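As a plain string of letters, each chain reads:
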Amino acid sequence: MAVLPDPAASRAVLIGTSRYAHLEQIPAVANNLSALGLGIVIYRWLPDFPSGQGSLQPLADGRLIRSTGNTNIAELDDPAIDHLFDTAIAEQDPEKAGSDYARINRRISDSAAFLPILFEKSVIWRGSRLTNVYTGGPWQGRYDYVSLGVSE
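Procedures and definitions
The numbering scheme is per chain: residues are counted from 1 as the chain's sequence reads. Local features are withheld for residues below a pLDDT of 70 in this predicted model, meaning they are given only at 70 or higher, and side-chain atom pairs are given and counted only at 80 or more; totals for whole chains, interfaces and linings count all residues. Only hydrogens and water are set aside when side-chain values are computed; all heavy atoms of the structure are taken into account. Numbering of helices and strands runs from the N terminus, with a helix taken as a DSSP run of H or I at least four residues long and a strand as a DSSP run of E at least two residues long. Burial classification: accessible surface area is computed with a 1.4 Å probe over protein chains only, and a residue below 20% of its type maximum counts as buried, one above 50% as exposed, and the rest as partly exposed. Residue contacts follow a heavy-atom distance rule, with two residues in contact if any of their heavy atoms lie within 4.5 Å. Calculation of accessible area relied on Shrake-Rupley with a 1.4 Å probe; when residues are assessed, cover is drawn exclusively from the protein chains displayed. Put simply, buried Ala, Val, Leu, Ile, Met, Phe, Trp, Tyr and Cys residues joined by side-chain atoms within 4.5 Å make one nonpolar core. Any Lys or Arg side-chain nitrogen found within 4 Å of a carboxyl oxygen on Asp or Glu counts as a salt bridge.

Q: Before we go on, may I ask you to explain the overall build of the chain in this structure?
A: Regarding its fold elements, the chain presents five helices and two strands. When the helices and strands of the chain are listed from N to C terminus, the series reads α-α-α-α-α-β-β. Across the 152 residues that make up the chain, the buried fraction comes to 29%. Once local pairs closer than 6 in sequence are excluded, the contacts in the chain between residues at least 24 apart make up 47%. Surface summary for the chain: the accessible area is close to 10,500 Å², and the carbon and sulfur share equals 56%.

In structure tokens, the structure reads:
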């Protein structure tokens, strides 16, 4: 079993689960959540490129579970999902690959390893000296930090 991070030193909050109806239980996640005093945590993933491979594979491919730098935080390890990733990635027809990714998404949803949050609202505050302030869809209502400046 991997060495768990020190909960007292943790500065991130993640979403995942340690109990599955149809898969092997994952004590490392349960121990980590228990040590943090949490039953559920929130995590956001932004894909490097817009595809099932970019958005789903880092979160749900069991072969990508790592002791450090792990993006499969639920430690979902389902060989059928892994095989579907291989099939979808190798598929040259975008519609067929899309169908494979839809099947992967359905299997992940059925496992209840992740709970998607469909709506989020954040209150953001800024000082009066902040300039070039832009928000928008790509930043999910948050500031475009690259554009920010400060007036004198």
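The structure having been displayed, the exposition proceeds.
Q: Quick question: what am I supposed to make of the nonpolar core here?
A: As a rule of thumb, soluble globular proteins bury nonpolar side chains together. In terms of nonpolar packing, the biggest core is built from 16 residues, with F85, Y101, I104, I108 and F114 touching the most fellow members. Those elements giving two or more residues to this core turn out to be helix 3 (57–60), helix 4 (79–90) and helix 5 (94–111). Sequence-distant contacts of I108, that is, excluding residues within four places in its chain, are made with L56, A60, L76, I81, A113 and F114.

Q: Sorry if this is basic, but what is going on with the pattern of salt bridges here?
A: Pairing between side chains becomes possible if they bear opposite charge and their charged atoms approach one another. Counted according to the given criterion, the structure contains five salt bridges. Among the ionic pairs, R107 bridges to D78, the shortest N-O distance being 2.7 Å. Taken together, the positions of R107 in helix 5 and D78 in the loop between helix 3 and helix 4 put the pair 29 residues apart, joining distant regions of the chain. We classify D78 as buried; its relative accessible area is 6%. A salt bridge links D110 to R106; the nearest nitrogen and oxygen atoms lie 3.4 Å apart. Within this pair, D110 and its partner R106 are both found in helix 5, separated by four residues, close to a single helical turn. Like R106, D110 is exposed. Through salt bridges that share partners, D61, R63 and D86 make up one connected network.

Q: Where do I start with unusual backbone geometry in this structure?
A: Most peptide bonds take the trans form, and the phi angle of most residues other than glycine is negative. In this structure, A112 takes a positive phi of about 60° despite not being glycine. Within the secondary structure layout, A112 lies in the loop between helix 5 and strand 1 (130–131). A positive phi angle, close to 55°, is found at N132, a residue other than glycine. Inspection of the secondary structure puts N132 in the loop between strand 1 and strand 2 (149–150). We classify N132 as partly exposed; its relative accessible area is 44%.

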